[in-house]
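If you want the building blocks of each chain, they are given just below.
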Amino acid sequence: MLRTVITAAITLAAAASTTLAQTPPRPEPVAEVLILGTYHFANPGQDQYNARADDVLAPRRQQEILDVVDRLAAFRPTIVAVEAMPDSAVNERYSAWRAGEVELTANERQQLGFRLAARFDIPDLALVDANHPFMAEQDLALDVSEPHLAALNTMLDRLGNGFVAEEEHRQTTHSIGEMLAWMNTEAMLDANSDIYLGYFIRRWGADGNPGGAYTVGNWYTRNLLIFQNIMKVVEGREDERILLIIGQGHAPILRYLVEESPWLTLADPLDYLPAVPDAPAPE
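Not measured: the values here are computed from a predicted model.

Rules and cut-offs
Residues numbered from 1 in each chain as written. Predicted model: local features only at pLDDT ≥ 70, side-chain atom pairs only at ≥ 80, totals over all residues. Heavy atoms only, no water. Helix = DSSP H or I, 4+ residues; strand = E, 2+ residues; numbered from the N terminus. Expected span 1.5 Å × (residues − 1). Bend = angle between axes of the 7 residues up to and from the residue. Buried < 20%, exposed > 50% of the residue type's maximum accessible area, 1.4 Å probe, protein only. Contact = heavy atoms within 4.5 Å. Phe/Tyr/Trp six-rings, centres within 6.5 Å; stacked < 30°, edge-to-face > 60°. Lys NZ or Arg CZ within 6 Å of the ring centre and 35° of its normal. Pairing = 2+ DSSP bridges.

**Some thoughts on helix H8 (residues 186–199)**
Line of reasoning, step 1. Taking 1.5 Å of rise per residue, the 14 residues of H8 would be expected to cover 20 Å, and the 19 Å separating its terminal C-alpha atoms lies within 8% of that figure.
Line of reasoning, step 2. Maximum bend of H8: about 40 degrees, positioned at serine 193.
Line of reasoning, step 3. Considered for burial, the residues of H8 that qualify are Met188, Leu189, Asn192, Ile195 and Tyr196.
Line of reasoning, step 4. Check the buried side of H8 and you find it contacts helix H6 (147–170), helix H7 (176–183), helix H9 (211–234) and helix H10 (251–260).

Right, here's the structure in full:
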């Protein structure tokens, strides 16, 4: 009898232990996120490599922007998020524009973000950018005359300048919607990611200084801070649809973070943009 009781107790204890050790279910997603990687319509020249953009205020480009807005409206966003600091005056400008007091500038936050938010009567845009240094002090201390670094910098410049040249060349034949579709293809997202994980990560010195790893870490940290700002927006909410309009360089990391988050699901911008045409022939 005693042996039976002991056996039963051990069985119950084992069952309880197994129950306690089970992995809890993942939470249900609270928002779907569409990340639209863009070029800067009014380029402020703050990126590592900067492409010139033609005049998006010209009548033809304005019609193309309206077409993009119509296409993205099919996503039916409940939140429009943009690459702007939370303490900036973007929403004051948005309110003034809705009141008819100011005109839209060339900036993509206004050309796309303001128009889409107004389309769905969204009172404010979510401002989700974050400040963080790019080049790390350790990276800046590297001796760029070392053969390894000199060759690497040449490859980096070739990659970055090649991207800029193709972007500027495609503007000669592509609509704005086609440009945005091209920039959000897997090939172009990979090309952007390669700048950091293919090249910057290999910036190290003969003295053992791992400078490039710190710069890549800075870039990832800024994007993590942006991602956290997105999470703040949806905290305590559910069934949201976030359209994030942000520089294409941020898109690869943010897409990965959204895909890995149990709280979010990722929408594909290519489902809402025109097909990507072939590149124009070289001049």
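**What to know about unusual backbone geometry**
Line of reasoning, step 1. At arginine 76, a position not held by glycine, the phi torsion is positive, near 55 degrees.
Line of reasoning, step 2. Tracing the sequence through the fold places arginine 76 in the loop between helix H2 (59–73) and strand S2 (79–82).
Line of reasoning, step 3. Taking the relative accessible area as the measure of exposure, arginine 76 reaches 55% and is therefore exposed.
Line of reasoning, step 4. The backbone of aspartate 121 sits at a positive phi, close to 55 degrees, despite the residue not being glycine.
Line of reasoning, step 5. With respect to the helices and strands, the residue aspartate 121 is situated in the loop between helix H4 (108–119) and strand S3 (126–127).

**Some thoughts on the packing of aromatic side chains**
Line of reasoning, step 1. As enumerated under the stated definition, the model contains 11 aromatic pairs in all.
Line of reasoning, step 2. Ring centres 5.1 Å apart and planes at 55 degrees place the aromatic pair tyrosine 39 and phenylalanine 41 in the tilted group. Phenylalanine 41 matches tyrosine 39 in its accessibility class, with the two residues each being buried.
Line of reasoning, step 3. Centre to centre, the rings of tyrosine 196 and phenylalanine 200 are 6.0 Å apart; their planes meet at 20 degrees, and the pair counts as stacked. For the pair tyrosine 196 and phenylalanine 200, a shared accessibility class is recorded, and that class is buried.
Line of reasoning, step 4. A connected cluster of aromatic rings, assembled from ring pairs, spans Phe134, Tyr196, Phe200 and Trp219.
Line of reasoning, step 5. The ring of phenylalanine 75 is capped by arginine 241, whose NZ or CZ atom sits 4.3 Å from the centre of that ring.

**Overview of the sheet that holds strand S1 (residues 31–38)**
Line of reasoning, step 1. Strand order in the open sheet formed by 5 strands is S3-S2-S4-S1-S5, with parallel pairing between adjacent strands. This sheet does not close on itself; its edge strands, each paired only once, are S3 and strand S5 (264–267).
Line of reasoning, step 2. Taken together, the 8 bridges between S1 and strand S4 (residues 240–247) define a ladder with parallel strand orientation. Along S4, the bridge assignment pairs glycine 37 with isoleucine 246.

**Quick look at the pairing of S1**
Line of reasoning, step 1. Extensive coverage of S1 is indicated by the burial of 7 of its 8 residues.
Line of reasoning, step 2. As defined by bridge partners, S1 adjoins S5 across 4 bridges and the pair is classed as parallel. Note that in S5 the partner of alanine 31 across the bridge is leucine 264.

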